[in-house]
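If you want the building blocks of each chain, they are given just below.
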Protein chains: 2
Amino acid sequence: MSNIPKIVILGAGYGGVLTALRLQKELNYNEADVTLVNKHDYHYITTHLHMPAAGTDNPENARVSISKLIDEFKIDFVKSTVVQIRPQDKKVILEDGTLSYDYLVIGLGGEPETFGIPGLGEYAMNIRSINSVRLIREHIEYQFARFKREPHRTDYLTFIVGGAGFTGIEFVGELSDRIPELCKQFDVDPALVKIYNIEAAPTALPGFDPELVEYGMNVLTKKGVTFRIGTAIKECTPDGVVVGEGEEIKSQTVIWTGGIRGNRLIEDAGFETMRGRVKVDDNLRAPGHENIYIVGDNSLMFNEEGRPYPPTAQIAMQQGVVCAHNLIASIRNQPLKGFVFSNKGTVASLGKGEAIGIAFGKKYTGRTAAWLKKLIDLRYLFIIGGIPLVLRKGKFF
Amino acid sequence: MSNIPKIVILGAGYGGVLTALRLQKELNYNEADVTLVNKHDYHYITTHLHMPAAGTDNPENARVSISKLIDEFKIDFVKSTVVQIRPQDKKVILEDGTLSYDYLVIGLGGEPETFGIPGLGEYAMNIRSINSVRLIREHIEYQFARFKREPHRTDYLTFIVGGAGFTGIEFVGELSDRIPELCKQFDVDPALVKIYNIEAAPTALPGFDPELVEYGMNVLTKKGVTFRIGTAIKECTPDGVVVGEGEEIKSQTVIWTGGIRGNRLIEDAGFETMRGRVKVDDNLRAPGHENIYIVGDNSLMFNEEGRPYPPTAQIAMQQGVVCAHNLIASIRNQPLKGFVFSNKGTVASLGKGEAIGIAFGKKYTGRTAAWLKKLIDLRYLFIIGGIPLVLRKGKFF
């Protein structure tokens, strides 16, 4: 057995990919064996998934082949599904094999949180992966085709989005852009189509600037979205949803964006978790495990006011950078770095040419905010894949 | 009330459109009032529907706006659905009105014949209209998206086509071209996809040249089609079909192309029918009704050997020409013309670059036959819409 330390990274999301890319850049020859494990042979750009879900962009623009991102001379890639993490044995059990590690990075991503609402798990779809958004896109188109054969079934043309957080808002923005195209393609009267965005909290985008939230809701309402804010989904059925005091909204399409939890594999591994997320130490390590780092939606960190950071791409990327630094520091017996979140701002798209956002301490709306959103997307492509990836995946128009 | 004779044409299929176009060309000013009634404001090119059904062409290339075909200064167009034909009152009841006529042309098109096979009406789709092929196309894509979320459900990737007549054969040809594209788009292993073409008769394309049939089946088998010839579908269920002696083939997609019957409206109107078709006289008139012409799939005619002509676009078009001639002759008190079918040949497409056909007494296969098929399609576009329509709808590549 070689005495080169073995680093295993589980998951090629924002946290895992950034960790891998930084290790690839900083590690010296033979300083460590790095293996990246991912279920698919591609990385997907979660913040872009609302577009292929609505059908306003090709799913190909939301994924990048892992072989285009990492240098396979420096990092081994294993396409497999993680079945079990065994910290006591320093092993990871895969669907088709086993990996030993000296250092482990867990960035397996979150799962939809349904808060025990009956039927959401069975009947609602989620904007969580390339496969799930392809399903949503095809499902929506299929409802238009079905309606033309059964014109009394207006529930085929009712689309319910549960949750008015960033994913829900960005998705209804795209969907309201797509509906006129679909109506034209299938000869459907646009007046028959209904989009509901249902949120239990007393406001859309809870925690975001109220003035921008109001601007955004006005834009989306004009585009045909009906908001039901402060309204809880009580149940999801094969026929639609039940909200508030037993009101039924009939629909064949329910998309749930109302919550993210951590990962069951982490709970099963014996870590102490809150909703499947591990409260990591300042250096991003799992408590009691000096050699296990946790990044992205699987980690839980609190800000200065003692509130948890939301699971965003921005934080996962920054964690990946610090995680890679600390892995190298451990190997070189150098001091670890503490993680400090640097908020670069937040922009929510509202569909073509419209967005709301805060960046550099300023509020932005309309075309400027939409352009800012595009710049953030392009910057990410540049960070992970340089100019070639920007040219291949970036949409400039 | 004016004493100008009123001609009402029901249906803008091949027979109805050709009748209308000829009347428009030949009638003198104020010689007759002509009204064309159709459910949609477009005519569709039924012989092209197998392509948009499989997704190898856009449905727009299989339909033509009626306003582009007829001159609305000369012919009135009413977009409505026929509810009842009342020969005794010389009236047609529409969904939203009533029309009186002196002369009636019925070209309402056929309906799928299920021969009483249980479940076919409920669970199978048909290649019969723009709306029905859009449903098939979206349904097929949806199965690929569903499979990616439920990879144990290989029945999502099994496609069953009932009937190996011209429609069935042409459709499996297109579908086998489309499958590799869909597999690429959805990351699906092509080996998992199955296409079955099931035919109860002892041969595919019954009545067609046996040598060409064998050629065609070889081409399609190489493209991945599994033929089950001489095998009857006993039942169609939500889970697939039951064939032969109780064998079940699991599938979520059954497309029935196994038979065409006439129209229930004709049966309801009191005409004597065989499977919804009226045996017309030599002049294309319904027996006992001098003022009612029946064209296309609603009419029944026998060849010299006493066998019924199959319901094809070719025969409907030729009937439309004779029907228009006889309507004008009736108005002008001139002798009517007898209908004589002139067989111009038959070509069946087998997908991209492959076809089989007989024309000018010769057999054709491969690229030459495919080119011949294309020429026939272009010729039809030219007949109904001239060069502008050929340029707009004709695919030259």
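Counting from 1, residues in each chain are numbered in the order their sequence is written. The order in which chains are written sets their letters, starting at A; the order in which ligands are written sets their numbers, starting at 1. Only residues with pLDDT of at least 70 get local features here, since the model is predicted, and only at 80 or more are side-chain atom pairs given and counted; chain-wide, interface and lining totals rely on the full set of residues. To get the side-chain values, take all heavy atoms of the structure and skip hydrogens and water.

Within an unreviewed UniProt entry, the label attached to chain A reads NADH dehydrogenase-like protein YumB, and the organism entered is Paenibacillus glycanilyticus. UniProt positions are given in the numbering used here, feature names are shortened, and annotations may be inferred rather than shown by experiment. UniProt's Sequence similarities (unreviewed entry) comment on chain A is quoted here verbatim: "Belongs to the NADH dehydrogenase family." Checking UniProt for chain A, the heading Cofactor (unreviewed entry) contains the comment "FAD".

So, about the sheet that holds strand β8 (residues 97-100) of chain B. Residues and elements named next belong to chain B. Only strands that DSSP links by at least two bridges are regarded as paired with each other. Working definition: helices are DSSP H or I runs of at least four residues, strands are E runs of at least two. Numbering for both runs from the N terminus. Taken in spatial order, the three strands of this open sheet run β6-β7-β8, and their pairing is antiparallel. Each edge of the open sheet carries a strand with a single partner, namely β6 (82-86) and β8. Across this sheet, the average inter-strand angle for adjacent strands is 20°, counted without regard to direction. All axes are obtained by fitting lines to C-alpha atoms, using only the stretch in contact for helices, and the reported angles, taken between N-to-C directions, cover 0 to 180 degrees.

This paragraph deals with the relation of the copies chain A and chain B. Here the copies were fitted onto each other by least squares, based on C-alpha atoms from residues at pLDDT of at least 70 in both. With an RMSD of 0.0 Å, the operation that places chain A on chain B is a rotation of 180° combined with a shift of 0.0 Å along the axis. Put plainly, the chains are arranged around a two-fold axis. In this assembly, 100% of the residues forming the interface of chain A have copies in chain B that are likewise at the interface, indicating an isologous arrangement. Whether two residues are in contact is decided by their heavy atoms, any of which lying within 4.5 Å being enough.

It is worth spelling out the packing of helix α1 (residues 14-26) of chain B against helix α10 (residues 366-393) of chain B at this point. Residue and element names in this part refer to chain B. For the pair α1 and α10, the least separation of the axes is 10 Å and the interaxial angle reads 45°. In terms of axis orientation, α1 runs oblique to α10. Together, Y14, V17, L18 and L21 of α1 and Y380, I383 and I384 of α10 make up the contact between the two elements. Oblique is the label for every angle not falling under 35 degrees (roughly parallel), over 145 degrees (roughly antiparallel), or within 65 to 115 degrees (roughly perpendicular).

Before going further, it helps to spend a moment on the domain arrangement of chain A. All names here are of chain A. Each assigned domain of chain A is listed with its residue range as follows: domain 1 (6-112 + 260-343 + 376-393) and domain 2 (120-256). Boundary definitions for the domains trace back to an automatic or database domain assignment. The C-alpha-based centres of domain 1 and domain 2 are spaced at 31 Å. Carbon and sulfur atoms make up 63% of the surface buried where domain 1 meets domain 2, a total of about 1,700 Å² over both sides. Any carboxyl oxygen of Asp or Glu that lies within 4 Å of a side-chain nitrogen of Lys or Arg is treated as forming a salt bridge with it. Our enumeration of links across domain 1 and domain 2 arrives at one salt bridge. Put simply, R128 and D297 hold a salt bridge, and the shortest N to O gap is 3.8 Å. Polar contact is the term for a pair of N or O atoms within 3.5 Å; when the atoms are in protein, one must be able to donate a hydrogen and the other to accept it, and sequence-neighboring residues count only if both atoms are side-chain atoms. Run the count over domain 1 and domain 2 and you get six residue pairs in polar contact (both at pLDDT 80 or more). Among the secondary structure elements, those contributing two or more residues to the side of domain 1 that touches domain 2 are β3 (42-44) and α2 (50-54). For the side of domain 1 that touches domain 2, the element with the most residues is α2, which contributes five residues. Simply put, the buried area is the total loss of 1.4 Å probe accessible area from both parts when two parts are fitted together.

Further remarks concern the pairing of strand β13 (residues 225-229) of chain A. With five bridges joining them, strand β12 (residues 194-199) of chain A and β13 of chain A adopt parallel strand pairing. When the sheet's bridge partners are listed, E199 of chain A is paired in β13 of chain A with I229 of chain A.

Right, let's get into the pattern of salt bridges. Counting across every chain of the model gives 44 salt bridges over all chains. Here R261 of chain B and E113 of chain B are joined by a salt bridge, their closest N and O atoms 3.7 Å apart. In this pair, R261 of chain B is assigned in strand β18 (residues 260-261) and E113 of chain B in the loop between β10 (111-112) and α4 (120-123), connecting sequence segments 148 residues apart. No difference in accessibility class separates R261 of chain B from E113 of chain B, as the two residues are buried. E247 of chain B is the partner of R228 of chain B in a salt bridge, and the nearest nitrogen-oxygen pair spans 2.7 Å. Here E247 of chain B lies in strand β16 (residues 247-250) and R228 of chain B lies in strand β13 (residues 225-229), a separation of 19 residues in the sequence. Look at R228 of chain B and you get partly exposed, because its relative accessible area is 22%. Shared partners join several salt bridges into a network, and the residues in it are E111, E113, R261, R264, E267 and R275 of chain A. Burial here depends on accessible area, computed with a 1.4 Å probe over protein chains only, as a share of the maximum for the residue type. Under 20% is buried, over 50% is exposed, and the range in between is partly exposed.

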